[in-house]
6 protein chains.
Amino acid sequence: MLSKNIETFLGCENEYEESKIVIFGAPFDSTTSYRPGTRFASKAMRSESFGIETYSPYQDKDLEDITVFDGGDLELSFGNPEKALTQIEEFTALVLEDDKIPCMIGGEHLVTLGAVRAAAKKYPDLHVIQFDAHADLRDDYLGESLSHASVIHRVWDILGDGRIYQFGIRSGDRSEFQWGKDHVYTNKFNFDGLNEIVEKLKGKPIYLTIDLDVLDPSVFPGTGTPEAGGVSFLELLQAMLDVSELNIIACDVNELSPIYDQSGVSTAVACKVLRELILML
Amino acid sequence: MLSKNIETFLGCENEYEESKIVIFGAPFDSTTSYRPGTRFASKAMRSESFGIETYSPYQDKDLEDITVFDGGDLELSFGNPEKALTQIEEFTALVLEDDKIPCMIGGEHLVTLGAVRAAAKKYPDLHVIQFDAHADLRDDYLGESLSHASVIHRVWDILGDGRIYQFGIRSGDRSEFQWGKDHVYTNKFNFDGLNEIVEKLKGKPIYLTIDLDVLDPSVFPGTGTPEAGGVSFLELLQAMLDVSELNIIACDVNELSPIYDQSGVSTAVACKVLRELILML
Amino acid sequence: MLSKNIETFLGCENEYEESKIVIFGAPFDSTTSYRPGTRFASKAMRSESFGIETYSPYQDKDLEDITVFDGGDLELSFGNPEKALTQIEEFTALVLEDDKIPCMIGGEHLVTLGAVRAAAKKYPDLHVIQFDAHADLRDDYLGESLSHASVIHRVWDILGDGRIYQFGIRSGDRSEFQWGKDHVYTNKFNFDGLNEIVEKLKGKPIYLTIDLDVLDPSVFPGTGTPEAGGVSFLELLQAMLDVSELNIIACDVNELSPIYDQSGVSTAVACKVLRELILML
Amino acid sequence: MLSKNIETFLGCENEYEESKIVIFGAPFDSTTSYRPGTRFASKAMRSESFGIETYSPYQDKDLEDITVFDGGDLELSFGNPEKALTQIEEFTALVLEDDKIPCMIGGEHLVTLGAVRAAAKKYPDLHVIQFDAHADLRDDYLGESLSHASVIHRVWDILGDGRIYQFGIRSGDRSEFQWGKDHVYTNKFNFDGLNEIVEKLKGKPIYLTIDLDVLDPSVFPGTGTPEAGGVSFLELLQAMLDVSELNIIACDVNELSPIYDQSGVSTAVACKVLRELILML
Amino acid sequence: MLSKNIETFLGCENEYEESKIVIFGAPFDSTTSYRPGTRFASKAMRSESFGIETYSPYQDKDLEDITVFDGGDLELSFGNPEKALTQIEEFTALVLEDDKIPCMIGGEHLVTLGAVRAAAKKYPDLHVIQFDAHADLRDDYLGESLSHASVIHRVWDILGDGRIYQFGIRSGDRSEFQWGKDHVYTNKFNFDGLNEIVEKLKGKPIYLTIDLDVLDPSVFPGTGTPEAGGVSFLELLQAMLDVSELNIIACDVNELSPIYDQSGVSTAVACKVLRELILML
Amino acid sequence: MLSKNIETFLGCENEYEESKIVIFGAPFDSTTSYRPGTRFASKAMRSESFGIETYSPYQDKDLEDITVFDGGDLELSFGNPEKALTQIEEFTALVLEDDKIPCMIGGEHLVTLGAVRAAAKKYPDLHVIQFDAHADLRDDYLGESLSHASVIHRVWDILGDGRIYQFGIRSGDRSEFQWGKDHVYTNKFNFDGLNEIVEKLKGKPIYLTIDLDVLDPSVFPGTGTPEAGGVSFLELLQAMLDVSELNIIACDVNELSPIYDQSGVSTAVACKVLRELILML
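Note that the structure is a prediction, hence the values are computed from the model and not measured.

Draft legend 1. Representation of the overall build of chain A within the structure. The secondary structure content of chain A amounts to 8 helices and 10 strands. Taken over the C-alpha trace, chain A has a radius of gyration of 17 Å; the compact-globule value for 281 residues is 19 Å, and the two agree within 12%. Overall, the C-alpha framework of chain A stretches about 60 × 40 × 35 Å when taken along its three principal axes. The buried share of chain A, taken over its 281 residues, is 73%. For chain A, the share of sequence-separated contacts (at least 6 apart) that also reach a separation of at least 24 residues comes to 78%.

Draft legend 2. Up close: the interface of chain D and chain C. Each partner contributes residues to the interface: chain D has 24 residues there, and chain C has 24 residues. Carbon and sulfur atoms supply 61% of the area that chain D and chain C bury against each other, a total of about 2,200 Å² over both sides. The tally of links from chain D across to chain C stands at 2 salt bridges. Here Glu15 of chain C and Lys4 of chain D are joined by a salt bridge, their closest N and O atoms 3.2 Å apart. Linking chain D with chain C are 8 residue pairs in polar contact (both at pLDDT 80 or more).

Draft legend 3. Representation of the relation of the copies chain D and chain C in the model. Note on the copies: chain D fits chain C at an RMSD of 0.0 Å, the axial shift is 0.0 Å, and the rotation between them is 180 degrees. Both chain copies can therefore be described as sitting about a two-fold axis. Rotation axis and chain D: the residue whose C-alpha lies nearest the axis is Ile6 of chain D, separated from it by 2.1 Å. Of the residues that chain D buries at the interface, 100% are likewise interface residues in chain C, meaning the two copies contact each other through the same surface.

Draft legend 4. Quick peek at the pairing of strand 5 (residues 101-106) of chain C. Residues and elements named next belong to chain C. Counted residue by residue, strand 5 has 6 buried out of 6 residues, so it is predominantly covered. With 6 bridges connecting them, strand 1 (residues 21-26) and strand 5 associate as parallel partners. Of the residues in strand 5, the one forming a bridge with Phe24 is Met104. For strand 5 and strand 10 (residues 247-254), the ladder comprises 3 bridges, and the chain directions are parallel.

Draft legend 5. Quick peek at the pairing of strand 4 (residues 68-73) of chain C. All names here are of chain C. With respect to burial, strand 4 is a largely interior element, 5 of its 6 residues being buried. Two strands pair when backbone bridges link them, and strand 1 and strand 4 are joined in this way by 4 bridges, in the parallel orientation. Bridging across to strand 4, Gly25 finds its partner in Asp73.

Draft legend 6. Focus on the interface of chain F and chain D. Tallying the contact residues gives 23 residues for chain F and 22 residues for chain D. Taking both sides of the interface into account, the surface hidden between chain F and chain D amounts to around 1,800 Å²; carbon and sulfur atoms contribute 53%. Looking at the side of chain F facing chain D, the largest losses of area belong to Tyr34, Arg174 and Ala228 of chain F, adding up to 31% of the total buried there. Counting every contact that joins chain F to chain D gives 3 salt bridges. Here Lys272 of chain D and Glu227 of chain F are joined by a salt bridge, their closest N and O atoms 2.6 Å apart.

Draft legend 7. Seen up close, the relation of the copies chain F and chain D. Least-squares fitting of chain F to chain D yields an RMSD of 0.0 Å, with the transformation described by 0.0 Å of translation along the axis and a rotation of 120 degrees. Such a combination of turn and shift is consistent with a three-fold rotation axis. Closest approach to the rotation axis among the C-alpha atoms of chain F is made by Ser218 of chain F, whose C-alpha sits 2.9 Å away. The residues that chain F uses at the interface reappear at the interface of chain D in only 9% of cases, marking distinct surfaces.

Draft legend 8. The packing of aromatic side chains, seen in detail. Residue and element names in this part refer to chain B. Taken as a whole, this structure holds 71 aromatic pairs over all chains when the rule is applied. Ring geometry for Tyr165 and Tyr185: centres 5.6 Å apart, planes at 40 degrees, overall tilted. In this pair, Tyr165 is assigned in strand 7 (residues 164-169) and Tyr185 in strand 8 (residues 185-188), connecting sequence segments 20 residues apart. For Tyr165, a relative accessible area of 4% translates into the label buried.

Draft legend 9. Expanded view of the packing of helix 1 (residues 41-48) of chain A against helix 8 (residues 265-280) of chain A. Residue and element names in this part refer to chain A. Remark: helix 1 packs on helix 8, axes separated minimally by 9 Å, with the N-to-C direction vectors making an angle of 80 degrees. Between helix 1 and helix 8, the crossing angle belongs to the class labelled roughly perpendicular. In this structure, helix 1 uses Ala44, Met45 and Glu48 to contact helix 8, whose residues at the interface are Thr267, Ala270, Cys271 and Leu274. For the contact of helix 1 with helix 8, the residue count by class is 5 nonpolar, 1 polar and 1 charged.

Draft legend 10. Geometry of the packing of helix 7 (residues 233-243) of chain C against helix 8 (residues 265-280) of chain C. Residue and element names in this part refer to chain C. Where helix 7 contacts helix 8, the two axes come as close as 10 Å, and the packing angle between them is 20 degrees. In this view, helix 7 runs roughly parallel relative to helix 8, as classed from their interaxial angle. Read as a crossing pair, helix 7 and helix 8 show a hand that is right-handed. Within the contact between the two elements, helix 7 uses Phe233, Leu236, Leu237, Met240, Leu241 and Val243 and helix 8 uses Val269, Lys272, Val273, Glu276, Leu277 and Met280. Partitioned by chemical class, the residues of the contact of helix 7 with helix 8 number 10 nonpolar, no polar and 2 charged.

Draft legend 11. Structural detail: the pattern of salt bridges. Scanning all chains against the criterion turns up 120 salt bridges over all chains. Notably, a salt bridge pairs Asp139 of chain C with Arg154 of chain C, separated by 2.6 Å at the nearest N-O pair. Here Asp139 of chain C, found in the loop between strand 6 (127-131) and helix 4 (151-159), pairs with Arg154 of chain C, found in helix 4; they are 15 residues apart in sequence, far enough to count as distant. Residue classification places Arg154 of chain C among the buried positions, given a relative accessible area of 11%. The shortest N-O distance in the salt bridge between Asp99 of chain F and Lys122 of chain F comes to 2.8 Å. Of this pair, Asp99 of chain F sits in the loop between helix 2 (81-97) and strand 5 (101-106) while Lys122 of chain F sits in helix 3 (residues 111-122), and the two are 23 residues apart along the sequence. The exposed category is assigned to Asp99 of chain F, whose relative accessible area is 63%. Here the residues in one salt-bridge network are Glu53 of chain A together with Arg138, Asp173 and Glu176 of chain C, joined through shared partners.

Draft legend 12. Inspection of a negative patch on the surface at higher detail. Together, Glu17, Glu18, Glu97 and Asp98 of chain A make up a negatively charged patch on the protein surface. Positionally, Glu17 of chain A belongs in the segment before strand 1 (21-26).

Draft legend 13. Representation of the confidence of the model for chain A. In this model, chain A carries an average pLDDT of 96, and 100% of its residues clear a pLDDT of 70 or more. Here the prediction assigns the complex a pTM of 0.97, and the interface score ipTM is 0.95.

Draft legend 14. Representation of the environment of Gly72 of chain B. Residues and elements named next belong to chain B. Positionally, Gly72 belongs in strand 4 (residues 68-73). The buried category is assigned to Gly72, whose relative accessible area is 0%. Residues Gly72 and Glu7, spaced 65 residues apart in sequence, show a C-alpha to C-alpha distance of 8.2 Å.

Draft legend 15. Structural detail: the sheet that holds strand 6 (residues 127-131) of chain F. Residues and elements named next belong to chain F. Strand order in the open sheet formed by 8 strands is 4-1-5-10-9-6-7-8, and the pairing between neighbours is parallel. Edge strands, defined here as strands with exactly one partner in the open sheet, are strand 4 (68-73) and strand 8 (185-188). With strand direction ignored, the average angle separating the axes of adjacent strands in the sheet is 15 degrees.

Draft legend 16. Representation of the sheet that holds strand 4 of chain B within the structure. Residues and elements named next belong to chain B. Here 8 strands make up an open sheet; going across it, the order is 4-1-5-10-9-6-7-8 and the pairing parallel. The open sheet is flanked by strand 4 and strand 8, the only strands paired with a single partner. Here the average twist between neighbouring strands, direction ignored, is 15 degrees. Taken together, the 4 bridges between strand 7 and strand 8 define a ladder with parallel strand orientation. Within strand 8, the position partnered with Phe167 by the bridge is Asn187.

Draft legend 17. Fine view of the arrangement of the chains. In this assembly chain A lies apart from chain D, the nearest approach of their C-alpha atoms being 11 Å. Nothing in chain C touches chain E, and the closest approach of their C-alpha atoms is 11 Å.

Procedures and definitions
- Residues numbered from 1 in each chain as written.
- Chains lettered and ligands numbered in written order.
- Predicted model: local features only at pLDDT ≥ 70, side-chain atom pairs only at ≥ 80, totals over all residues.
- Heavy atoms only, no water.
- Helix = DSSP H or I, 4+ residues; strand = E, 2+ residues; numbered from the N terminus.
- Rg over C-alpha atoms; globule rule 2.2 N^0.38 Å.
- Buried < 20%, exposed > 50% of the residue type's maximum accessible area, 1.4 Å probe, protein only.
- Contact = heavy atoms within 4.5 Å.
- Buried area = accessible area lost by both parts, 1.4 Å probe.
- Salt bridge = Lys/Arg side-chain N within 4 Å of Asp/Glu carboxyl O.
- Polar contact = N/O pair within 3.5 Å; in protein donor to acceptor, adjacent residues only side chain to side chain.
- Least-squares fit on C-alpha atoms with pLDDT ≥ 70 in both.
- Pairing = 2+ DSSP bridges.
- Phe/Tyr/Trp six-rings, centres within 6.5 Å; stacked < 30°, edge-to-face > 60°.
- Axes fitted to C-alpha atoms, helices over the stretch in contact; angles between N-to-C directions.
- Parallel < 35°, antiparallel > 145°, perpendicular 65-115°, else oblique.
- Nonpolar A, V, L, I, M, F, W, Y, C, P; charged D, E, K, R; others polar.
- Left-handed = near helix turned anticlockwise from the far one by under 90°.
- Patch = residues over 30% accessible without salt bridge, like charges linked within 9 Å, V, L, I, M, F, W, Y side chains within 5 Å.
- Areas by Shrake-Rupley, 256 points an atom, 1.4 Å probe, with all protein chains shown as cover.
- Lys, Arg positive; Asp, Glu negative; His and termini not counted.
- Charge placed at Lys NZ, Arg CZ, Asp CG, Glu CD.
- pLDDT = per-residue confidence, 0-100.

Here it is in structure tokens:
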């Protein structure tokens, strides 16, 4: 009590130097076109993580056995996407330089672009695996090229064809799906085919981005754009365990919007996803 | 901006004359016996429909490719069921006369009676397919014969035996189920047997009424009388696609109560059901 | 109207003397470590039970055919767990003495200890079946031995090894699971193996405790500590029907927290679980 | 605990025969044109009344010192205003015949008409004092003459000119105010002039109807049609004390809609108004 | 019903050409630094305005007697403040050119800048009256010069000293208040001194901007940054009537955030402020 | 970002050694008899304090000009009031020994007892000023002597007659008020007489306890037991400034329950009260 009040995600209380994994928040949602509020996700997850346990009966592992540093939240400018992305890129680069795994908590999905920029610089052969309800492949949204709805198109600008693998996609406009056919791997609705992709990507550096709205809205109502027909928590957990065999060099979870999570179940499930993600890295 | 503000359900912006489908709201809930509020469903669905896309990856169809007119809401008298039903009947008759498909957004389930009255006049051989958690087969409710809980009994008054097919039913009093055995086809809990019924009804004029509480409350909490043990969104979607082979001459979706939908997932799923319904007609 | 206002759980309107089953509320949540509020469960369930029917299409039975007395709520001291447990124990003992089945509505899970104390006195060979998300096997929580998180350990203090059977467990600290291996039967995540246990326990006196958070948070968000990855309503219902072949001499349902149930679906599902439980006894 | 569970408004636990005051609920809201939900007011008030004390420091009186019977709620037909009004009239007449003071909890404001019908039969010289935000003087609403928006016009049909005194009115259409000028006494916005009216009405039989939306929405958000610019709790309390010098032979409080009262402050203030009302009778 | 569904603010159903006043929504909140959501204000106000009357008993005027056009909402780019401001400026200029009074519904307070840009071009002698809880005088916020927190500083960039009059201010950092002393007129906490200012500004072209958070949070909880200690609805209404003697050539109401308005009272009060504002123009 | 994530109340970022004031949370609510949840107050206040400014225009002072240490929350045992009080007493004693002013954030009002125990040991002549809606003078509540409803009686056990001054009291049972007449100074409903008391207590060591429910529920809905008829924010602020002339050696603010504060206005006003309290010490 006589040292300052430190608040971290559950069990992530190590010093930076000793940690293998670095979690941090990117509280940005300025391009959200429908219901904003993901800026509050990282704070809510830290606060509510104490409702779950450090031990996972799924993996039989405990957060207390591994070293994780929680750096708190980046202070990002609202209303200036390019500047926010630069701040994210710089922090991610710092962590990657120290050979640690950055694990970012969004924010809207656009924040992934900042982290991928840094990761692609260090790992030119970077591949991206995306779990998401939305394709996010537009070239622009109402004229803006930096948008949550175009983030994976922007990632493709960096990585090019054959580097992006999408699962769970169940929403997009027709042109997104058409463009996607030529440039990215898209598995609609669920995780079918994931094992083959994992087999194929073994040894490659992987950026894993989990848009939590891949979950069914019954499981995860607290998000800006709920899309019926999603996967269950156990399906997502299994998919995460499947990709854990790969060389994940950075990752993020995003699109929790606590404002729309009156019962708290969405924040609780986001915390559990993050716990399992950290434990599997 | 210099023309008046028009608000329609997503992508339903055609003129009446050019449209094949006519959607309209019937904001009535005066006989609701438990938790009222379905009067706000059509407004909420119009407003929130912009959170989903016009394109359906399930059907590979787009609302922009078909012609739909949104006539707004009927102005119905609260506290006077007979008068409200007459207003619904008259409007539905108008649409049917013009050889368009009326697609009504309830309101409580009683509104179906108004539309069925009109449809049965035009199509004496009308059959009704009902997706619902509740049998709605009482002869009266607290002495009222016009009630959400007796609406299908009233429909039977018009159509008689062998014309009504219920699926997903998981609530009712004992006498409803007993009476139903002699007069309607009831498949409890799920959509088992739907394919046989579809086969049997091919060519007949069909009124399809979807009480959204057929969905599990986890998927669709925003309704007056949530009943655990319902179907998933994908099960409902498949059932809808199954009946789409039939000659659906009118339809409705009902019992969304936005008041109880704090996270917005119920309205979002209702919008998606309506999108898929319109696309399959 | 000229007699006082009596409020009971749906259809449980018999006099004490004529009843086989006695339901009562134990509105206590003082040791809840995360989000309190289960003290309001029994009141909410009585009030909202009128949104469901007395007839169960699952069991084809009706609450009106059996005799149940609703004794209302015990008046328990907040902040004094030992005293509250004694009050619960005394009332349960009274009901058991009269050869009726006590069916308690929690409250936090600790209330089970009071009822088990009474049941174990009358039935020395008592066995406990627990449906729960949490192991509840800690020896203490922050130094307190009487805690919702240690209630089954306290039950074990009374019954000893081989008497406790847990299903659905998906949360606990590592030491709980380790201790549990030597002292209780634990089936993680679901109801696998329940039929074998039922076979084995035939004829034994059984106390059945249902912590409703065994349900997935999508089905049952209104609880203090939601844990993703739970069972569905139909899975829980089937498990209940499976154990209904046993000699259940007392039971409880607990951990509904209406504060976190803004849409009311959790209270509705709790009412349905209680209806099915009463009908199967 | 071995007698059935009785739930009354706080401290109103006397038998009918021994009581001077009879409270009862009229859970009806079928003509509500905007946001329904007042049907739940009486249940919520009984349940939440235990959050306040029986003792009033304002009047230095205690509910335990007087005799009040709580008859529970009338079972009213939804969707049939005339029938519901008849049920209310009959019960009110019964209470009046026994020389007790009926004190009704609405429900929408239309319920007042049922009680006034009974009161005017017993007391031909009946006068009505109305505290309300809305004039409620329309002749009909969307063609319905029995409506919450026309209830005081209907009361005037019975009583005629010079018998109705409105205070706090701040909403109505222009024609209501114009019609009102010739037929009722209306003091807009506040309670100015109440003392003169009290002086004038001394000795007359008075029906006091308190539409709780006379309170400012900051104090009482939980109502169907909140109107900014209302009175404070202490202003309402003073006005009630002012009229307590009159011969109040029946009264009601109405228009609490617990659905819109997420924090519970509206139900709490309604309970306090009812406590003070009972104590002053 | 056979023409498309038109939705306007209550009673604002005139054509553009015939109207004296033009209302439109500016649904932008990308620079909001704390709780976003004002983008939904104009839609919510149109939808909920039907809960109030067209007639004002305060002014004895009726919306049906004047001509108002509701142009709906501008479609603004999220995440690009400069572009959004340009869109607002262009539309406002169009309305001003036609000698109509633009009346904008925000959005965050930054939207005022777009409208002031247009107004200052037409009226070089423009003066601004601001009712607000926050000074909004920062030069930048986290480095961004276009921010809701710096909007009045940006307005000063255009108008210069002696043109801006603030009332109700009760929040800001110290430097804002210090800078303000030299450049704008600031009356803290309430409307003291407003009459003198009105006297002084007679005949000048006035832009009136009402940040609704000038109201006390008890009256208006539904806003991003509630500040205790604000004015009452009646105080705001009186202040509005006071300035109505001036030559108001454009105005706005802003900062309603319906997400935080669970009971709906904030939207209702915003509607009433807008009704009174339109009636007084 | 490379040091651990520190979260303090707005602007309270000094080290312990250099600070004059020490704030800390006492998240305990086990004896709350009605609606629990105050355990979450201190966390919510830290998190939401960033919605207000460090500068107070009321006092023209800034949190950045003074030294305050935020020690985070005590880890208190739920369900064991005596142990929790001991923990609070020990921490408070530590702070007092270092000649700093402890400023505790409750929790239910019982936590005051722990701090007063420590303060009375150091300052035998301690006097207590209490701003509160409730008298809290019961000798016990349902048999428990350690209860939020008896906390001031317990304080009297330590301090004796003539040492306790209550303001704003508007709820209690009759016996509390009667007992209080002989033992404490009670001013009902408001702050009348505060100036005389301040004059009388000059020079004495004062413990100031602010139960935030002294505020009207319109201003402060987020509390367990809202009591209509309370004071406004500005009245409370003035009362605080009045007592700031005294020698306040310790203080607390308590009874914020964020669960019931859906709009966030209660937490915001609590933050502002705490800011003003710290600035005036």
